[in-house]
Amino acid sequence: MTHSYKMAAEHYVASSPGCHACILPLFGVALLVVPAITSSPTADLPVKSATFVTALYDIGRGEWPSFSRSFNQYLRRLHHLLQLEVDIVVFGDRRLKAFVREHRQTNRARTTFVTKPFSKLDAFRHRPYIEDIMASAEFRQDNELLAHPEAFSADYVILVNSKAALLAQVVRTNPFNSSHVFWIDAGYVATEDDEGAWQVQVPPRTAWRPRPLLELAGRITYIALHSPSLFVNVTDLHKLSAEPAFAGGFFGGDVGAVAYYDRLFRKSFLRQLADGIADDDQGTAFAAYWEQPGIFNLVPGSWFDAYRLFH
């Protein structure tokens, strides 16, 4: 990794807003020292409730050589997600604001739209280094995922690795005074049938409330596709064509745990970049798990099981 990246990483940690952690030089890169969770702010909130957070940006996926999907397809999926009678915060650019307003007309009081340009996403400042990694011979050697977006699209890596930071931003403002905050992908309304076709799947009740998760404090919940123990002795996991341990479409927890996890996730993301690894949020979350497994609540399931598992 170049010296310029190490300097930029140190500047990033030192200047990150809301970061009160110490700085520890490790392998020449400044990383966050994440303090232990001592208490949860949820104790001060009278009612346990959930705010859902999502985002949608056009990163040119319709033009990708593989895994292509048009922005209009994502808008159609977002339309279904917006039918949920829940408190929701949506991040996007100005073009998306009108769409969200139109499709949340009956739930405007439960909707907050945050106009945030793609260039202001948390991971965007690392775009040159992500591109350098993807072009490097070391990254490309024996990499089975070169046709996957986490190996060829820097914008994809930026977007998905900004989820935790967007959650933390909502925790700081907490527009609905919620005890818990959960990320849900804008396209989280699809499931794959036995023939490999994608079908729309929405919750059985539009007034969805993840009751089991509202009883947890100090934990970040992910749906586990596989046991982490299966990957203990696996090296260069970011190069292997294997289903990830965690599904990144839905995750979250109480506001204290989310604020803590944001710092832990940033630490893991920076460490991976310093090690020459560009990966999606599922890979970064898995790296964070090995740092602090005790804060994770892993629930066995499949990609789009949140509606079924948590109600």
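Since this is a predicted model, take the numbers as computed values, not measurements. Each residue is numbered by its place in its chain's sequence as written, counting from 1. Confidence filtering applies because this is a predicted model: local features only for residues at pLDDT of at least 70, side-chain atom pairs given and counted only at 80 or more, and all residues used for totals across whole chains, interfaces and linings. Processing note: side-chain calculations cover all non-hydrogen atoms of the structure and skip hydrogens and water entirely.

A. Here's a closer look at the overall build of the protein. When you go through the protein residue by residue, the secondary structure sums to 12 helices and 11 strands. Only protein chains enter the accessibility calculation, which uses a 1.4 Å probe; a residue whose area is less than 20% of its type maximum is buried, one above 50% is exposed, and one in between is partly exposed. Burial status across the protein gives 52% buried among its 311 residues. Throughout, a residue-residue contact means that at least one pair of heavy atoms, one from each residue, lies within 4.5 Å. Here the contacts in the protein between residues at least 6 apart in sequence split such that 73% fall between residues at least 24 apart. Residue burial considers only the protein chains on display, and all accessible areas are found by Shrake-Rupley using a 1.4 Å probe. Accessible surface computed for the protein: about 14,600 Å², of which carbon and sulfur atoms make up 51%. We count a stretch as a helix when DSSP gives it H or I for four or more residues in a row; a strand needs E for two or more, and each element gets its number in order from the N terminus.

B. Helix α8 (residues 163-173), seen in detail. Burial of α8 is extensive: 8 of the 11 residues sit out of reach of the surface. Residues of α8 that are buried: Lys163, Ala164, Ala165, Leu166, Leu167, Ala168, Val170 and Val171. Two residues or fewer past α8, asparagine 174 is found with a positive phi of approximately 40°.

C. Main features of unusual backbone geometry. Residues other than glycine seldom take positive phi values, yet asparagine 177 does so here, at roughly 50°. Residue position: asparagine 177 is located in the loop between α8 and β6 (180-184). Non-glycine residue aspartate 236 carries a positive phi angle of around 50°. Relative to the assigned elements, aspartate 236 resides in the loop between β9 (220-224) and β10 (246-254).

D. Spatial organisation of the pairing of β6. Of all 5 residues in β6, 5 are buried, a share of seventy percent or more. With burial as the criterion, each face of β6 is covered, one bearing His180, Phe182 and Ile184 and the other bearing Val181 and Trp183. When DSSP finds two or more bridges between two strands, those strands count as paired. With 4 bridges connecting them, strand β3 (residues 50-55) and β6 associate as parallel partners. Opposite threonine 51, over in β6, you have valine 181 as the bridge partner. Bridging between β6 and β10 involves 5 bridges; their strand directions are antiparallel. Each bridged residue has a counterpart across the sheet, and for phenylalanine 182 the counterpart in β10 is glycine 252.

E. Fine view of the packing of α8 against helix α10 (residues 255-274). Under this scheme, a helix contributes an axis fitted over its contacting stretch, all axes are lines through C-alpha atoms, and angles between N-to-C directions fall in the 0 to 180 degree range. Two numbers describe how α8 lies on α10: the axes approach to 9 Å, and their chain directions differ by 145°. Between α8 and α10 the crossing geometry is left-handed. On α10, the residues that touch Ala164, Ala165, Leu167, Ala168 and Val171 of α8 are Val255, Val258, Tyr261, Asp262, Phe265 and Arg266. Residues are grouped as follows: nonpolar covers Ala, Val, Leu, Ile, Met, Phe, Trp, Tyr, Cys and Pro; charged covers Asp, Glu, Lys and Arg; every other residue, Gly included, is treated as polar. Its residues assigned to classes, the contact of α8 with α10 comprises 9 nonpolar, no polar and 2 charged. Should the near helix be turned counterclockwise from the far one by less than a right angle, the crossing is left-handed, whereas a clockwise turn marks it as right-handed.

F. Geometry of the side chain of serine 162. Relative to the helices and strands, serine 162 is located in the loop between α7 (154-160) and α8. A relative accessible area of 0% means that serine 162 is categorised as buried. By the criterion applied in these results, polar contacts are pairs of N or O atoms within 3.5 Å in which, for protein atoms, one can donate a hydrogen and the other can accept it, and in which residues neighboring in sequence qualify only through two side-chain atoms. Within the structure, serine 162 has its side chain in polar contact with the backbone oxygen of isoleucine 158 (distance 2.8 Å).

G. The sheet that holds strand β4 (residues 87-92), seen in detail. Spatial ordering of the open sheet is given by β5-β4-β3-β6-β10-β9-β11, a layout of 7 strands whose pairing is mixed. Edge positions in the sheet fall to β5 (111-115) and β11 (296-300), since each has one partner strand and no second. Taken over all neighbouring pairs, the strand axes of this sheet differ in orientation by 20° on average, direction set aside. When β9 meets β11, the two strands line up parallel, connected through 5 bridges. Pairing of alanine 224 across the sheet is with proline 300, part of β11. Packed onto the sheet, α8 meets β3, β4, β5, β6 and β10 and runs at close to 145° relative to β6. Contacts between α10 and the sheet are confined to β6, β9, β10 and β11, with β10 contributing the most and set at about 125° to the helix.

H. Looking closely at helix α3 (residues 94-103). Taken together, the buried positions of α3 are Leu96, Phe99 and Val100. Summarising the axial view, the buried residues of α3 lie within an arc of 100°, below the 170-degree limit, and thus occupy one face. The outward face of α3, more than 90 degrees from its buried face, is lined by the exposed residues Arg94 and Ala98. Along the arc lie the directions from the helix axis toward the C-beta atoms.

I. Inspection of the packing of helix α2 (residues 71-81) against α3 at higher detail. Two elements in contact, α2 and α3, have axes separated by 10 Å at closest approach and are oriented at 35°. α3 is crossed by α2, and the crossing has right-handed handedness. Every residue of α3 that contacts α2 at Leu75, Leu78 and His79 is listed here: Leu96, Phe99 and His103. Here the contact of α2 with α3 is composed, by residue class, of 4 nonpolar, 2 polar and no charged.

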